[in-house]
Amino acid sequence: MNTKKRMALFVFLVFFLGTANNIREKIENVNGSDAEIIENQETKRLEDDFLQKDLLEVVLEKEILPVQKEKDETAELVCCDKGKNIYLQRQADNLKQADFAEESTDDSVAFSLAGKKAELVPVEGWSFPALNITLEDGTKIECELTDVFFSAILDFYWIDEERVILEGHVNPSLNVCIVYNLKENSFDEYYGVFFIWNDDYSKLYFVEPSPHFGSEPIPEKIIDQEGTIYYETNKGEYLINHLILDATNKYMGFYVRTIEEGKNFGILNCETMAVLYEEKDIHYNDVEILVK
C-alpha cells in the first residue's frame, strides 16, 4: 500500500471512531429495531465514503503516469552488400551539424573549443578576404585567402584546434569550401556543392556540378578532396539535394534528377564505387542509411 492510501486509511479510521461514538449515543436513545437500522445506515454511509476516496486515489495515480513515446518508424531493408543489410529510415533531423565551437552572432567570426578565434576581414584593394587567427595567448596570425572569391558566407567553423572550415556561395550552381591549416598557415579550396565530411573529418565528399553558365551540360561527379571520382551522371542527369553518409562512412546516398524519370535515389559503396541500390521517382527527401 502506498503512502497516499495509508494516509487516507488513517484519516478514515479517525473519522470512523469519532462517528462511531455518535452512533452509540443515538443507539442509547432508541430501543430495539430502530437502533439496528440507524447503525446499519451509518455504517453503509461510511463504507461508501471510503470507497469513493480509494477510487479517487487510483484515478490520481493513473493521471501522473508518464506518457509513452511513439515508436520510431520501422526501417526498410533495401539491399545487401558483403553480408551486411542496408536499411533506409526517414531522418528526424536533416543534416548533421558540426558542433566544435561556441556560437557567434557574427557569421564572419568562429571560436574553437580552446578559445582560438578565427575572423574574416577584408583586404584593402582586393576582392578576397584575409583570415585572422587569434590564439589563446593573444598571438595573431594572418592568412590572405588569395584569389578565392565568394558572395556570401554559408558556414564558418573549427573542426579541431588546427583546422578552420569556410563555405562560401559563388554562384547559383557553385560554392567553395576552404580548409585552413593553422600549423602550416595555408589553405586549400574546393569548388562544388553538397559538401559533407566523414566522422573524423579526414575526408571531404562533394558534388562537382555542371557549369551554370556553360553552353553544353557536362556530366556531374561525386568526388573527394583528392579528386577521386565515386559516381558520374549520364547525359541529361543532375545531382540534387545533398549527400548522405551512414555511420560507418562506407555507404553514400545521393539523389539524381532526370528529365524522363524525375527524382531518383541511389546508394553506393564508397570503397568499390559500385551502386548497390536505385529507386525511381522517389517521394521523400531526407533519409538515414542504417547498416546492420
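Heads up: the structure comes first, above all this text.
On a predicted model such as this, the values are computed, not experimentally measured, just so you know. (Residues numbered from 1 in each chain as written. Predicted model: local features only at pLDDT ≥ 70, side-chain atom pairs only at ≥ 80, totals over all residues. Heavy atoms only, no water.)

What to know about the overall build of the protein
- Per the secondary structure count, the protein includes two helices and 18 strands.
- Out of the 292 residues belonging to the protein, those deemed buried represent 35%.
- In the protein, 37% of the contacts between residues at least 6 apart in sequence involve partners at least 24 apart.
- Accessible area for the protein stands at about 18,400 Å²; split by element, carbon and sulfur atoms hold 51% of it. (Helix = DSSP H or I, 4+ residues; strand = E, 2+ residues; numbered from the N terminus. Buried < 20%, exposed > 50% of the residue type's maximum accessible area, 1.4 Å probe, protein only. Contact = heavy atoms within 4.5 Å. Areas by Shrake-Rupley, 256 points an atom, 1.4 Å probe, with all protein chains shown as cover.)

Comments concerning the packing of aromatic side chains
- Evaluation of the coordinates by the stated rule reveals eight aromatic pairs.
- Ring plane angle 50° and centroid distance 6.1 Å describe the contact between Tyr190 and Phe206, whose orientation is recorded as tilted. Taken together, the positions of Tyr190 in strand S10 (residues 186-197) and Phe206 in strand S11 (residues 204-208) put the pair 16 residues apart, joining distant regions of the chain.
- Its relative accessible area of 3% is what places Phe206 among the buried residues.
- Here the aromatic residues Trp126, Phe128 and Phe149 are joined through ring pairs into a cluster of three or more.
- For the cation-ring pair, Lys292 lies above Tyr87, with the distance from its terminal atom to the ring centre recorded as 5.1 Å. (Phe/Tyr/Trp six-rings, centres within 6.5 Å; stacked < 30°, edge-to-face > 60°. Lys NZ or Arg CZ within 6 Å of the ring centre and 35° of its normal.)

Description of the state of the cysteines
- Tallying each qualifying case throughout the model produces zero disulfides.
- Here Cys80 stays unpaired: no disulfide links it, and the sulfur of Cys79, its closest cysteine neighbor, is 7.6 Å away. (Disulfide = S-S within 2.5 Å.)

Thoughts on the environment of Asp81
- Inspection of the secondary structure assignment puts Asp81 in strand S1 (residues 76-81).
- For Asp81 and Val291, which are 210 residues apart along the polypeptide, the C-alpha to C-alpha distance reads 9.5 Å.

As for the sheet that holds strand S2 (residues 84-90)
- Taken in spatial order, the three strands of this open sheet run S1-S2-S18, and their pairing is antiparallel. Bordering the open sheet on either side are S1 and strand S18 (287-291), each of which pairs with just one other strand. Within this sheet the neighbouring strands show an average axis-to-axis angle of 25°, counted without direction.
- In the sheet, S1 pairs with S2 via five bridges, with the strands oriented antiparallel. Bridge assignment links Cys80 to a residue of S2, and that residue is Asn85. (Pairing = 2+ DSSP bridges. Axes fitted to C-alpha atoms, helices over the stretch in contact; angles between N-to-C directions.)

Some points on the side chain of Lys116
- Mapped onto the secondary structure, Lys116 falls in the loop between strand S3 (109-111) and strand S4 (117-122).
- Take Lys116: its relative accessible area is 8%, and that puts it in the buried class.
- A polar side-chain atom of Lys116 sits 3.0 Å from a polar atom in the side chain of Glu161.
- If we ignore the near neighbours within four places in the chain, the residues touching Lys116 are Ala110, Phe111, Thr134, Leu135, Glu136, Trp158, Glu161 and Leu182. (Polar contact = N/O pair within 3.5 Å; in protein donor to acceptor, adjacent residues only side chain to side chain.)

So, a negative patch on the surface
- Taken together, the side chains of Asp147, Glu184, Asp188 and Glu189 make up a negatively charged region of the molecular surface.
- Tracing the sequence through the fold places Glu184 in the loop between strand S9 (174-181) and S10. (Patch = residues over 30% accessible without salt bridge, like charges linked within 9 Å, V, L, I, M, F, W, Y side chains within 5 Å. Salt bridge = Lys/Arg side-chain N within 4 Å of Asp/Glu carboxyl O. Lys, Arg positive; Asp, Glu negative; His and termini not counted. Charge placed at Lys NZ, Arg CZ, Asp CG, Glu CD.)

Describing the nonpolar core
- With 17 residues, the main nonpolar core has Leu131, Ile133, Leu145, Phe156 and Tyr180 as its most contacted residues.
- Of all the secondary structure elements, the ones that give two or more residues to this core are S4, strand S5 (129-134), strand S7 (152-158), strand S8 (163-171) and S9.
- Sort the elements by how many residues they give to this core and S9 lands first, with three residues.
- When near neighbours in sequence (up to four residues on either side) are disregarded, Tyr180 contacts Leu131, Ile133, Ile141, Cys143, Glu162, Arg163, Val164, Asn185, Ser186 and Phe187.
- The next biggest cluster of nonpolar side chains, apart from the first, holds 15 residues, and it includes Tyr231, Leu243, Leu245 and Met252. (Core = buried A, V, L, I, M, F, W, Y, C linked by side-chain atoms within 4.5 Å.)

Focus: the side chain of Glu237
- By the secondary structure assignment, Glu237 is in strand S14 (residues 237-245).
- Lys280 provides the closest opposite charge to the buried, unpaired Glu237, separated from it by 6.5 Å.
- Separated by 2.9 Å, the side chain of Glu237 and the backbone nitrogen of Asn234 make a polar contact.
- Not counting the four nearest positions on each side in its chain, Glu237 is found in contact with Tyr231, Val256, Arg257 and Thr258.

Quick notes on unusual backbone geometry
- A positive phi angle, near 60°, is found at Tyr201, a position not held by glycine.
- Mapping Tyr201 onto the fold places it in the loop between S10 and S11.
- Phi at Met273 takes a positive value of approximately 65°, unusual for a residue other than glycine.
- You can see Met273 is positioned in the loop between strand S16 (262-269) and strand S17 (275-279).
- Using a relative accessible area of 30% as the deciding quantity, one classes Met273 as partly exposed.

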